[in-house]
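Chain and residue survey
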Amino acid sequence: MGIVTEDNITDVVVASLGKYGDITDRQREIMTSLVKHMHGFIKDVRLQHSEFMEACSYLERAGKLCNDNRQEFILLADIIGVEVLVDMMTNPIEGNASESTVLGPFYRENPPVLPKGASTIQKHYDNEETAYYEGYVRDQNGKGIAGVTMDVWEDAPNGIYENLDPDQPEYNLRGRFETDENGHYAFVAVRPVPYPIPEDETAGELLQFMGHHPNRPAHMHFILAKDGYRPLISQIYDADSEWLENDSVFAVKESLIGRFKPAAEELGTDLHFEFDFVLKAEEMAVAAE
Ligand code: BEZ
Ligand code: FE
């Protein structure tokens, strides 16, 4: 079966998988589905050759943009909801465990290690609102987990992350904290503000092609980690933020929305944000015989 027609082309390609080299079951599963969906899409829109060539040159331009500071393909995947869907496939909701969401491109490894209650603020802005963030990290039975590391990062009140802004000190608004013996965490930072994802080059072209906007609602990013538990990459969202209902990267989950309240005087900040997390225990690896 090698002579193709519009009717048999999909079956011909699928039948060719693994014919001239060993492939795993997973490779076969992925390639079969990919070929079927891709062919289905092309037939659906009756894709024309000029459009195909345009798509190839678009992907070439996207590839050339990738460097240590910009991973264009993740950004493009975010804009069409692919990264959040992959995350949902990787980390399905399980019982009362906290929901994950996309990492985004602005995480920096090894942020400053700070004591409980310390501030991540290194530069002040006229429009800033300071906030005391606190809560508990618990297991699925409600027991506080001690020694959970918590990396946090957010944009500054000018809507820019520190690593993209030459006017901010290194690691501004980033920190690594740890829960105490009761699983309690606390730190001081600012209230995040909505900001646009990069909207130039191929990301901008895709947003325009979709008739979409680049804005994300105000959020704080987190990575929670402790041996024996599944790491949690997530974000918490400001209930009063614009764009909550139409995030440009579709990453908002209902369970991740919290509310800033005015802070009691003894906290020393403008606002107070309380949010608890639940970590799922890692399944024990079955020892190989
Ligand atoms: C972010 O939240 O930092 C982000 C996520 C996806 C794409 C761009 C930015
Ligand atoms: Fe972000």
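Everything quoted here is computed from the prediction, not taken from an experiment. (Residues numbered from 1 in each chain as written. Chains lettered and ligands numbered in written order. Predicted model: local features only at pLDDT ≥ 70, side-chain atom pairs only at ≥ 80, totals over all residues. Heavy atoms only, no water.)

**Focus on the domain arrangement of the protein chain**
Which entries qualify depends on this criterion: Segmentation of the chain into domains, including their bounds, is taken from an automatic or database domain assignment.
By the assigned domains, the protein chain splits into domain 1 (9-47) and domain 2 (72-288). Between the C-alpha centres of domain 1 and domain 2 there is a distance of 38 Å.

**As for the side chain of E83**
Rules: Comment: elements are numbered from the N terminus, with helices defined as DSSP H or I runs of at least four residues and strands as E runs of at least two. Working rule for contacts: check all heavy atoms of both residues, and any pair within 4.5 Å makes them a contact.
As for its placement among the helices and strands, E83 is situated in helix α5 (residues 82-90). In contact with E83, other than residues within four places in its own chain, are I74, A77, D78, V102, L103 and G104.

**Considering a nonpolar patch on the surface**
The test is simple: Patch membership needs two things, relative accessible area over 30% and no salt bridge, and members are linked within 9 Å if like-charged or within 5 Å if nonpolar (Val, Leu, Ile, Met, Phe, Trp, Tyr). Here the accessible surface of atoms and residues is derived via Shrake-Rupley with a 1.4 Å probe, and residues count as covered only by protein chains that are part of the display. Salt bridge, as used here, is a side-chain nitrogen of Lys or Arg placed within 4 Å of a carboxyl oxygen of Asp or Glu. Exposure is judged per residue with a 1.4 Å probe applied to protein chains only, and the accessible area is read against the type maximum: over 50% gives exposed, under 20% gives buried, and values in between give partly exposed.
Together, I30, M31, L34, M38, F41, I42 and V45 line one region of the surface with nonpolar side chains, adding up to about 590 Å² of accessible area. Residue classification places F41 among the partly exposed residues on the basis of a relative accessible area of 43%.

**Quick word on the pairing of strand β8 (residues 232-238)**
The condition is simple: A pair of strands is labelled paired if DSSP reports no fewer than 2 bridges between them.
For β8, a buried count of six out of seven residues is recorded, marking the element as mostly surrounded by other parts of the structure. As defined by bridge partners, strand β7 (residues 219-225) adjoins β8 across six bridges and the pair is classed as antiparallel. Residue pairing in the sheet places I223 in a bridge with I233 of β8. Counting the residues in the hairpin turn of β7 and β8 gives six residues, including G228, whose phi is positive at 95°. Taken together, the two bridges between β8 and strand β9 (residues 257-258) define a ladder with parallel strand orientation. Note on β9: the bridge partner recorded for D238 is G258.

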